[in-house]
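For reference, the chains in residue letters:
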Amino acid sequence: RGSINLLPFSAIRRNMMRDNTFSKKVFIKTVSDNLKNKYRKTIDDATQQELYQAVSEAVKDVIMDEWIATQRVMDKDDPKVVYYMSMEFLMGRALGNNLINLSAYKEVKEALNEIGVDINAIEDQEPDPALGNGGLGRLAACFMDSLATLGYPAYGCGIRYRYGMFKQQISDGFQIEVPDNWLKDGYPFELRRPEYCYEVKFGGYVQESTDENGELHFEQKDYQSVLAVPYDMPIVGYDNNVVNSLMIWDAEPKNGFSLESFDQGDYDKAVEQENLARNLVEVLYPNDNHVKGKELRLKQQYFFVSASIQRALARFKKHHSDLKDLPNKAVFQMNDTHPTVAVAELMRILVDEEHLSWDDAWDITTRCVAYTNHTIMAEALEKWPIEIFQRLLPRVYQIVDEINRRFVMQINERYPGNEDKVRKMAILYDGQVKMANMAIVAGYSVNGVAKLHTEILKNQELHDFYEMFPEKFNNKTNGITQRRFLAHANPLLADWATKKVGAGWITDLTMLSKLKAYADSPVAQQEFAEIKRANKVRLAKYIKEHNGIDVNPDSIFDVQVKRLHEYKRQLMNILHVMYLYNKIKENPSMDFYPRTFIFGAKAAAGYRNAKKTIKLINSVADVINNDASIDGKLKVVFIEDYKVSNAEIIFAAADVSEQISTASKEASGTGNMKFMLNGALTIGTMDGANVEMFDEVGADNMFIFGMSSDEVISHENRHDYNPVDVYNNDAELRKVVNQLVDGTYSPNDHELFRELYNSLLNPQQGQVADRYFILADFRSYANAQQKINDYYKNKSAWRKSALLNIAHVGKFSSDRTIQEYVDDIWHLDRITVNMAGV
Ligand code: GPV
């Protein structure tokens, strides 16, 4: 069984489980066999990359056994499965996480140590599979981890982009996007599954015909097609032998490209098909909370959705002949509107290929699909021009048209003569296909991602739908996996927590509430402080190596890491830094605890204000970090290429977590939870999940400021906010805003930051001045920051608050979130996988 070089590690694993001893010798032998067979090398002459590959192969072998066993159970028991459909899976590195979840990390680390190999250096060889933009993609990855850990049968369905999120370089303070060829050395944790490939068709026209029984048939003709080929990645559950699959689809040309076999017309078509396949999965669109209606993007969506549904139905049919049973065996969770063409594709297959009646197909579909909304930002709502949609997906469009026709009848029945309702709720309107509307009409569940967000959906953005279908709406507050963001990211704190309260927190984060008992203990506070300091030293080293900047680990590490977006208000943060700098310059002896402001953020490639904000942060950093007169009290660092792997280092080292979005705009946020888990104190608005963090941890342990979502929304509705008034009435703030255009931070080009200045005070055509209420919230933000300054000096109080943050983080595990999805939406049963006798 298995190839010879890979066999021993399975033996180690089984051995380890039997008598808890881990044979380092056998492990090293496995790695060196892998090096020999893969590269003709020995441990001594292998490169770090080769070592990474050899170690990963050894780990994969253990995973394979469990993966096979899990799939066997799924085949035998035929449980209901969730298909989590998402354009993005921001997985982060797999090796370390897999070792954590196999509960083999420490043993492997020690074994490698004995041959002089540093496991961190090996882990650093792995590219971050960055098949996602930010929160939405990372949430999908956390969900996969929790599903496997809780033992729920699940497939992630997505796209195997050749190029995921770009690598960010900073040159002269500006962001440069560099393609990230993450597959160039081969990715050890993926498995090509050509036996599960499917055809996906685009374009052409629909031919109608009537058969001998008088039944209408619809056939897509003269189309182009590609072959969707899945790659499966193992998703290892924590210490439970469960390994689920992430299936990400690659596109290949359908016919091998061959010159002879085509006449002229076919030749062109063959070239087109070849190009289609090549372009389709080439790159992830690097936009977060913003869509641009590009045709290729719709192609990507239909491509992976169609392939995933085909594979799901093929799995179903292995056990069942009656499609009416589908809702008992499969649920498709649509991660935002991106995969919502699934509604029409499932209908198409049921009606055209399975020959069900419309009503039966609709009944099945509407019991199989559910929709999660992740934003209220209008620019993130997907609306496809009918022209594009119809040309690309002619048959699917007909189906959308019919869904719409029937739904509009329903609206008219309920609200006779109310054209306004039709205008707002119809799926097809104004020449557009409104994907969210289709998802809500077809989905049996519509959920928001934090309490506040769901309330805003119900009462504002989706109010009309809520009125019509109140039973569909529900909330699922986001969560994060503690396996990656504590066990792996912060081993010192993880071990300490385990010593204090046991290891139960790894699969039940609420166990950390037992830490409350230690919050007042001087010893525990001191231990925590030492761990935090060690993590700050680790981050300082990273910053020195990657940015060349020296930071002081005894300063307050104040961190804002997340995508760069105006609503997230990195601009407010840096304006406040400029404000502090002014104050320190004016009064060098003022009471000020040394602070390091750390930023990390990628801006969408075409997002001008976001990119200028990055330049501003770097320009401010240049001035402040090089001003000897302030005695190193203030430092600003922009960490290049923020991504999951360095995020783990950053969260562990943070003292202050910046969660400062304009209230109502951040649907949930998940970074906020990762900071809390690692004992940072939050400065934040009452937005997204901050609200629930506040409920858990209390006013004494969090710094809340700014307008409420109700205030923001009412200003938006009344159009009565004027930032110029704020500017006129606050001299210190006025000075800071003026510094955007007086050359303080851009001596060679005073106009460099004019756009940012204008975004606050001089709206250009079609814009709203200070759309995100930065000036409105500035003073209360500065006051909250002042409180942080004062509070930090009280070491014991600060540490107590940090410990209480950790102790109250339990709710924010994605294990809790997933259990709620299972209970309220998916209704899955757990599987158990027994490895005894394998
Ligand atoms: I829509 N989100 C994202 O990362 N990208 C998107 O395109 C959209 C939403 C985020 C929200 O902004 C966060 O508030 C939220 O925590 C996250 O999705 C996960 O729900």
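Residues numbered from 1 in each chain as written. Predicted model: local features only at pLDDT ≥ 70, side-chain atom pairs only at ≥ 80, totals over all residues. Heavy atoms only, no water.

Moving on: the overall build of the chain. Helix and strand counts for the chain stand at 33 helices and 25 strands. Viewed in the frame of its principal axes, the chain has a C-alpha envelope of about 95 × 75 × 55 Å. Burial analysis of the chain (838 residues in total) assigns 62% to the buried set. Of the contacts made within the chain by residues no fewer than 6 positions apart, 77% connect residues no fewer than 24 positions apart. Put simply, the chain shows about 31,600 Å² of open surface, and 48% of that area lies on carbon and sulfur atoms. (Helix = DSSP H or I, 4+ residues; strand = E, 2+ residues; numbered from the N terminus. Buried < 20%, exposed > 50% of the residue type's maximum accessible area, 1.4 Å probe, protein only. Contact = heavy atoms within 4.5 Å. Areas by Shrake-Rupley, 256 points an atom, 1.4 Å probe, with all protein chains shown as cover.)

Okay, the sheet that holds strand 22 (residues 634–638) next. Consider a sheet: its strands pair through backbone hydrogen bonds, and that pairing is either parallel or antiparallel. The strand order across the open sheet formed by six strands is 22-21-20-23-24-25, and the pairing between neighbours is parallel. The sheet is open, and its two edges are formed by strand 22 and strand 25 (703–704), each paired on a single side. The pairing of strand 24 (residues 681–684) with strand 25 spans two bridges and is parallel. Among the inter-strand pairings, I683 is bridged to a residue of strand 25, identified as F703. The strands touched by helix 22 (residues 570–586) within the sheet are strand 20 (556–561), strand 21 (595–600), strand 22 and strand 23 (656–659), with strand 21 carrying the most contacts at an inclination of about 155°. (Pairing = 2+ DSSP bridges. Axes fitted to C-alpha atoms, helices over the stretch in contact; angles between N-to-C directions.)

Here the focus is the side chain of T477. Among the structural elements, T477 can be located in the loop between strand 19 (473–475) and helix 19 (482–488). Given the relative accessible area of 3%, T477 is considered buried. In this structure the side chain of T477 is engaged in a polar contact, spanning 2.5 Å, whose partner is the side chain of E692. Beyond its immediate chain neighbours, meaning those up to four positions away, T477 contacts V449, A450, K451, E692, F812, R816, T817 and E820. (Polar contact = N/O pair within 3.5 Å; in protein donor to acceptor, adjacent residues only side chain to side chain.)

Accessible area lost during the coming together of the parts is what is often quoted as the interface size. Segmenting the chain into domains produces domain 1 (133–159 + 190–477) and domain 2 (505–812). One C-alpha centre belongs to domain 1, the other to domain 2; they are set 38 Å apart. Each partner contributes to the interface: domain 1 provides 24 residues, whereas domain 2 provides 26 residues. Carbon and sulfur atoms make up 61% of the area that domain 1 and domain 2 hide from each other, which totals about 1,900 Å². Interface area lost by domain 1 to domain 2 is led by M377, L452 and T477, which between them contribute 25%. Counting across the interface, domain 1 meets domain 2 through one salt bridge. Taking the shortest distance from any N to any O, the salt bridge between R771 and E379 comes out at 3.4 Å. (Domains from an automatic or database assignment. Buried area = accessible area lost by both parts, 1.4 Å probe. Salt bridge = Lys/Arg side-chain N within 4 Å of Asp/Glu carboxyl O.)

Per-residue confidence for the chain averages 95 on the pLDDT scale, and 96% of its residues sit at or above 70. Note that pLDDT drops below 50 for residues 1–8; the model gives that stretch 14 contacts with residues more than four away or on any other chain. Scored below 50 in pLDDT, residues 16–20 shows seven contacts in the model against residues more than four places distant or in partner chains. (pLDDT = per-residue confidence, 0-100.)

It is worth spelling out empty space enclosed by the protein at this point. In this approach, a probe sized like a water molecule rolls over the atoms, and the result shows the empty space that is left. Within the structure shown, the criterion is met by seven cavities of 30 Å³ or more. One number sums up the size of the largest cavity: a volume of about 770 Å³. In terms of lining, the largest cavity is formed by 44 residues, of which the most central are N133, G134, G135, L136 and D288. For the lining of the largest cavity, the element with the highest residue contribution is helix 7 (residues 135–150), accounting for four residues. Of the residues belonging to the lining of the largest cavity, the class tally is 16 nonpolar, 15 polar and 13 charged. Here the lining of the largest cavity gathers at least three residues from each of two domains, domain 1 (133–159 + 190–477) and domain 2 (505–812). The calculated volume of the second largest cavity comes to roughly 210 Å³. Lining the second largest cavity are 20 residues, with M91, N97, N98, I235 and R484 positioned closest to its centre. Only helix 4 (95–101), helix 7 and strand 11 (224–236) provide two or more residues apiece to the lining of the second largest cavity. In terms of residue class, the lining of the second largest cavity is built from eleven nonpolar, five polar and four charged. (1 Å grid on protein atoms, 1.4 Å probe; cavity = no way out; pocket = protein on both sides within 12 Å on 5 of 7 lines; lining within 4 Å. Points joined across faces, edges and corners; volume = space filled by probe spheres on them. Nonpolar A, V, L, I, M, F, W, Y, C, P; charged D, E, K, R; others polar.)

The antiparallel open sheet is built from three strands, whose spatial order is 15-17-16. Strands with a single pairing partner mark the edges of an open sheet, and in this sheet they are strand 15 (383–385) and strand 16 (428–429). Of the strand pairs in this sheet, strand 16 and strand 17 (residues 432–434) are connected by two bridges, and their pairing is antiparallel. Directly across from Y429, in strand 17, lies its bridge partner Q432.

Glancing now at the layout of surface pockets. Taken as a whole, the second largest pocket spans an internal volume of roughly 970 Å³. Residue assignment for the lining of the second largest pocket shows that the elements contributing at least two residues are helix 15 (419–425), helix 16 (435–442), helix 17 (451–461), helix 18 (463–468) and helix 27 (709–718). It is helix 27 that provides the largest number of residues to the lining of the second largest pocket, a total of four residues. Within the lining of the second largest pocket, the residues separate by chemical class into 18 nonpolar, ten polar and twelve charged. Two domains each put at least three residues into the lining of the second largest pocket: domain 1 (133–159 + 190–477) and domain 2 (505–812).

Take the pattern of salt bridges next. Where charged atoms of side chains with opposite charge meet at close range, the side chains can pair. Summed over all chains, the structure comprises 73 salt bridges. Close ionic contact of R348 with E353 constitutes a salt bridge, the shortest N to O distance being 3.0 Å. Here K793 ties to D591 by a salt bridge, and the two come within 2.7 Å at their closest N and O atoms. Of the two residues, K793 is situated in helix 31 (residues 774–793) and D591 in the loop between helix 22 and strand 21; the sequence distance between them amounts to 202 residues. Residue classification places K793 among the partly exposed residues on the basis of a relative accessible area of 39%. A single network of salt bridges, built from pairs that share partners, joins D420, K421, R423, K424, D464 and E467.

This part is about the site of the ligand. Lining the immediate environment of the ligand, one finds 16 residues, of which N289, H374, N478, E666 and G669 sit closest. Here an oxygen atom of the ligand sits 2.9 Å away from a polar atom, N or O, in the main chain of L136. For the ligand, whose accessible area on its own is 460 Å², the fraction buried by protein is 97%. Given that more than half its atoms are within 2 Å of the pocket grid, the ligand belongs to the largest cavity. For the shell around the ligand, the residue count by class is five nonpolar, eight polar and three charged. (Near = heavy atom within 4 Å. Sits in = over half its atoms within 2 Å of the grid points.)

Once that is clear, we can look at the packing of aromatic side chains. One pass over the structure, following the stated rule, counts 23 aromatic pairs. Judged by centre distance (4.8 Å) and plane angle (65°), the ring pair of Y792 and W798 falls under edge-to-face. Three or more aromatic residues joined by ring pairs form one cluster here, namely Y593, F703, Y791, Y792 and W798. A cation over a ring is seen here: R160 above Y231, with NZ or CZ 3.7 Å from the ring centre. Stacked on the ring of F469, the Lys or Arg K472 has its end atom at 4.2 Å from the ring centre. (Phe/Tyr/Trp six-rings, centres within 6.5 Å; stacked < 30°, edge-to-face > 60°. Lys NZ or Arg CZ within 6 Å of the ring centre and 35° of its normal.)

Before going further, it helps to spend a moment on the packing of helix 11 (residues 342–353) against helix 12 (residues 358–368). Taken N-terminus to C-terminus, the directions of helix 11 and helix 12 make an angle of 140°; their axes are 9 Å apart at the nearest point. Here helix 11 is positioned oblique relative to helix 12, judged by the angle of their axes. Relative to helix 12, helix 11 is oriented so that their crossing is right-handed. In this structure, helix 11 uses V343, L346, M347, L350 and V351 to contact helix 12, whose residues at the interface are W358, A361, W362, I364, T365 and C368. (Parallel < 35°, antiparallel > 145°, perpendicular 65-115°, else oblique. Left-handed = near helix turned anticlockwise from the far one by under 90°.)

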